[in-house]
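# Architecture and fold: a report
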Amino acid sequence: MISTEKYKFGSAIVLSIGLLISACGATHKNENENENEQVSSEPEVQHHIVKSPNDDREYASIVLDNDLQILLVSDPDIEKSAVALSVAVGSFQEPKEFGGLAHYLEHMLFMGTKSYPEVGGYGEFVTLNGGTQNAYTELDHTNFMVAVNNEAYDQALSRFSGFFYEALLNEEYADKERNAVHSEWTMKSPNDWVILAQLEGKTLNPEHPISQFNWGNLESLKDSGNQKLQDALLDFYNHYYSANLMKAAMISNLSIAEMKLLAKRHFSNIPNKHTPKPTINVPVATAQQLKKIVHYVPQADMKQLSLHFVIENNAHEFAVKPNGYVNYLMANEMPGTLASELRDAGYSEAVYSTYEADEYGSSGSFILYIDLTETGVKNRDKVMGAVVRYLRLLREQGVNPLYFNEIKQSLNNDFRFKEKTNDYNYAMQIAANLQHIPTEYVLSSEYEYQGFNAEAIQKVLNQLTLDNARVFYIDKAQPADIEMKYFAGKYSVQDITDENINTWRKYGTQFNLSLPRANTLMPENFDLVKTAYVEKPQLLVSEKGYTVHLGHSALFKQPKGRISFELNSGFTKISAKNHVLASLLSRALSQQLIELQSEAGAAGMGLNTSLHNGLSLTVSGFTDKQGDLVTQTLQQIHSFNISAADLDNIKASFISDIESGKKQILLNQLFPKFSEIVNLDGYSDNALLAEVDGISPADLKWFRDQLLKKANLRVFAYGNYTDEQVKALAELVLAVLPDKRDISEVYQTPTLHPLPGSIYSWKEDLDIPDVGLIDAYLTPLNSTDLAAARVLSQLIRPALFKQIRTEEQLAYAVNFFGETWRDQMLFGFYIQSPAKGLVEVHERIELFRKEFVSKLAAVTPEAFTTTVNGILVTLNQPPKNLSQEMGEFIEDWRDQEWTFDSKQRLIKELEEVTLDDVIAIYKRLQEGTEFGRVLVQMRGHNFAHKNFIELEGSETVTNVDVFHQALSN
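A few points on the structure. (Residues numbered from 1 in each chain as written. Predicted model: local features only at pLDDT ≥ 70, side-chain atom pairs only at ≥ 80, totals over all residues. Heavy atoms only, no water.)

## Some details on the packing of helix α17 (residues 576-602) against helix α18 (residues 626-638)
At a minimum axis separation of 10 Å, α17 and α18 run at an interaxial angle of 165°. The angle between α17 and α18 falls in the class roughly antiparallel. Every pair of crossing elements has a handedness; the one defined by α17 and α18 is right-handed. Residues L589, Q592, L593, L596 and A600 of α17 pack against L629, Q632, T633, Q636 and I637 of α18. Counted by class, the contact of α17 with α18 contains six nonpolar, four polar and no charged residues. (Axes fitted to C-alpha atoms, helices over the stretch in contact; angles between N-to-C directions. Helix = DSSP H or I, 4+ residues; strand = E, 2+ residues; numbered from the N terminus. Parallel < 35°, antiparallel > 145°, perpendicular 65-115°, else oblique. Left-handed = near helix turned anticlockwise from the far one by under 90°. Contact = heavy atoms within 4.5 Å. Nonpolar A, V, L, I, M, F, W, Y, C, P; charged D, E, K, R; others polar.)

Structure, rendered in structure tokens:
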């Protein structure tokens, strides 16, 4: 189970860089709005559930006799059925004595019910039936979800529904799950985004529950004086887990009538205790907490300035979206805006913002983030000056119907052509949204934009002032003397003084800020091209150094498509210096193209560039103006230039990212290290850092030229294109390449092919608490082994999780994988543990592996057939959207598998695989003589006194560069 309590690592960045367009709204009113007309902030009355014109599913909302509301979604085309149930209770409702109690209860519900008491039985059932299951705890709600093959849906609902009325909550497993919650906390607590989320609450009103520790660990989840944890757990469950506080979503291939019967059968047993819906009446901030500067010293080399505003809860205004409107302007990348001016000044790498209308219950939040360059850190007062000036500009001139119409058009387009997503995630989203969105709008609220309400917008803007803000200064040099309980971060707080404000106002006059210009990339033509569908992508062009493939959708007739241009070469990988040049050029191009990316994103298109094996450019979304987007992108790449000052900032960012990587969650270090070892064109951090200082702006321009000169152009398009359109787009790229190119064969990263029986071991000490390891095995690939490996993975994972995680509490994160690694099979175990040293953890996994031989042999024919069928259902289920459909072909294209049938070959092998095949491959894995082995070990400071694992006959890799060089000789 995962907790998402204030855990914004990654998500805030991803959502905000996309301008939060997907979180804003759609419209059903006139395009022409009278700006002087008073528009209601309340949504229009609807008598049906508003859905996209592109949505062919059937919906119905029912309320059971116990007051539990369920939204039913019937989709005859799906192969897996899903359900999610949210409870309107979260961390906010925890007693102060038991921080993390809501999260702990979420974990405990999976420990068996009266009807299904076997611990781990639920997870085994879900996995056996091709399913997925999880839960999360938020500040104001807790959400549980599961998806399984259609034929297992009835039984899955029987098991799932019992969580909410007959959970055992046995004290026997209390300590085990306390350790699980503790392990989750130790795994994520070193992350700065986690710490900052806790710090934000810590610096708000101490009387508000946001100030409490809400993750849970062994110290917070224990008996407190006369109060027993077990009693608190039962009281929390018995009081809040009431049907009237629950909302659910069921998605299935069944009819609405059939789903109603299932809903009544399984969810009517949940008692209605008539518990009032929890509310928060304590103000989240008083004058004592506002108008402050919070100084935070990060764990990683993070450089950021952020402004955190407390705003009035305006969640009911979703139909006029004042927050979404302000957000659109706040982090806009158009020339003259705050983001553009700070970037042009060399002060910022990214500017983005987020908002949650009801984050604190009675109040909401609006946050502006600015990721600073090294120059920006040195000029923080100037950055603040620009921010203060831009906020004033928005308050004075920002309320304009032109922006409303632009946002409205974008949201209309998105909603009109809205595609299906994973049903598991869809059920989870609906169940959560039902807690605060009217049923009629639960599918459309993110897209509703029913009127231009200038007053509502102005009201939000008027709250974005320094008097209502807390400004976070984040970098290694910040003055901080207050230690945080349960976290490593240190901070301090000071008032924003009149002197601060005067300084910022003075510096603000240096910036010539303006509001965004109109978007020129909005699609106007939504016509579909005439195509003759073929089962796999077709080769349109095949010349030396130039190929073009085009595929058309069998299922999705939409004015959308994706086209990738790969200027392939191995030039980026031939040396550590070239690797650094590629990274610096990639960062520089990203900065140069960010305005265009932002404009494209608002218009419903994606633009991505990367430098991996050469330079890659991908354009996606509405196809109408993709030609304009490609043309402008190529112009900027061709005219690329960079100043010495900007390059210095990018170098500093590159170095910072390498150093910060050593502070990441341990699992996020294990797998990159494994890739660094087995990808033979990778280089060590030390080798890369040694090359950074000597690189000049002229070097980057030369490197750009070399990439164009050596490019083997490979084009893959999929979607709403004719042959001629794709060729024309490809020729735009071809036109910027030199006439005479130094073309090589298509370059693919060479990988380690260890000899059978060989063992390579990497050992590393880290300044984080836990230990972690990957124990991986490689052997040449054949399709029979791949099918057996897929089945083995499904059988071994729940057993491993139950034994190592649930019964023995060695780790929160433990798993097994069996998959392809280019032309090899890759098997492996991984684990991150806060409980034992590496040797002890490894010994325990080895014991599990030995014992699993007999468990595997005892698998019944029925269980084996069900497992295989579950995998086949996943592989055979129709894609949900154009991207998923294309995904079946894109990997084959990258690997030059021109038959485009790797999936079909795997399906054929799975239809013929036997339990004997699976047992045989597992025994081969246990013997190890046919496999090469790579063991990656990372030891945290809590276990620095414990030994590394020493395997007989292993070769210790101490230097990746020397290791790779030796293999190439």
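So, next bit.
## Thoughts on the sheet that holds strand β18 (residues 614-622)
Taken in spatial order, the six strands of this open sheet run β14-β15-β19-β16-β18-β17, and their pairing is mixed. Each of the sheet's edge strands pairs with one partner strand only, and the pair in question is β14 (538-543) and β17 (605-612). Geometrically, the sheet is characterised by an average inter-axis angle of 10° between neighbouring strands, direction not taken into account. In the sheet, strand β16 (residues 560-568) pairs with β18 via nine bridges, with the strands oriented antiparallel. Looking at β18, one finds that G561 is bridged to G621. Against the sheet, helix α23 (residues 723-736) touches β14, β15 (546-551), β16 and β19 (712-719), its axis set at about 145° to β15. (Pairing = 2+ DSSP bridges.)

## Topic: the side chain of E566
Looking at the secondary structure, you find E566 in strand β16. Accessibility expressed as a relative area gives 13% for E566, which makes it buried. In terms of polar contacts, E566 uses its side chain to reach the side chain of R894, at 3.4 Å. Excluding residues within four positions of it along the chain, E566 makes contact with L615, S616, N712, L713, R714, W893 and R894. (Buried < 20%, exposed > 50% of the residue type's maximum accessible area, 1.4 Å probe, protein only. Polar contact = N/O pair within 3.5 Å; in protein donor to acceptor, adjacent residues only side chain to side chain.)

## Describing the nonpolar core
Core analysis: the largest hydrophobic core is formed by 59 residues, its most contacted members being I70, L85, F160, Y241, M250 and F267. Considering every element that reaches this core, the biggest residue donor is helix α7 (residues 229-240), with six residues. In this structure, I70 is in contact with A60, S61, I62, L64, A248, M250, A263 and F267, ignoring residues within four places of it in sequence. (Core = buried A, V, L, I, M, F, W, Y, C linked by side-chain atoms within 4.5 Å.)

## Quick look at the sheet that holds strand β2 (residues 69-74)
Pairing within the open sheet is mixed, and its six strands lie in the order β1-β2-β6-β3-β5-β4. Edge strands, defined here as strands with exactly one partner in the open sheet, are β1 (58-63) and β4 (132-137). Within the sheet, the average angular offset between the axes of one strand and its neighbour, ignoring direction, is 10°. The sheet contact formed by strand β3 (residues 80-87) and strand β5 (residues 142-149) spans eight bridges and is antiparallel. Counted as the bridge partner of S81 is V148 from β5. Of the strands in this sheet, β3, β5 and β6 (246-252) are in contact with helix α4 (residues 153-161), which crosses β3 at around 20°.

## Details of the packing of aromatic side chains
According to the stated counting rule, one finds 48 aromatic pairs in the structure shown. Ring centres 5.4 Å apart and planes at 80° place the aromatic pair F852 and Y922 in the edge-to-face group. Pair noted here: F852 is in helix α25 (residues 838-857) and Y922 is in helix α29 (residues 915-927), with a separation of 70 residues, a long-range link. The pair formed by F852 and Y922 is uniform in burial state, with each residue classed as buried. The structure contains a cluster of three or more aromatic residues connected by ring pairs, namely F110, Y122, F144, F160, F163, F164, Y237, Y241 and F267. Directly above the ring of F125 sits R159, whose terminal nitrogen or CZ lies 4.5 Å from the centroid. Geometry around F526 places R416 over its ring, the cationic atom sitting 4.9 Å from the centre. (Phe/Tyr/Trp six-rings, centres within 6.5 Å; stacked < 30°, edge-to-face > 60°. Lys NZ or Arg CZ within 6 Å of the ring centre and 35° of its normal.)

## Some remarks on unusual backbone geometry
Of note in this structure, H274 is not a glycine but carries a positive phi near 55°. With respect to the helices and strands, the residue H274 is situated in the loop between α8 (256-267) and β7 (292-297). Its relative accessible area of 60% is what places H274 among the exposed residues. At F900, a residue that is not glycine, the phi angle is positive and equals roughly 50°. Here F900 is to be found in the loop between α27 (882-894) and α28 (902-912). Judged by its relative accessible area of 4%, F900 is buried.

## Description of the pairing of β15
Within β15, six of the six residues are buried, which leaves the element mostly enclosed by the surrounding structure. Burial along β15 is two-sided: Y546, V548 and L550 facing one way and T547, H549 and G551 facing the other are all buried. Two elements, β14 and β15, share five bridges in a ladder whose sense is antiparallel. The partner of L539 across the bridge, within β15, is H549. Counting the residues that bridge the hairpin from β14 to β15 gives two residues, and of these G545 lies at a positive phi of roughly 75°. Bridge count for β15 against β19 is six bridges, and the pairing is parallel.

Geometric descriptors of this kind do not, in isolation, establish any biological role.
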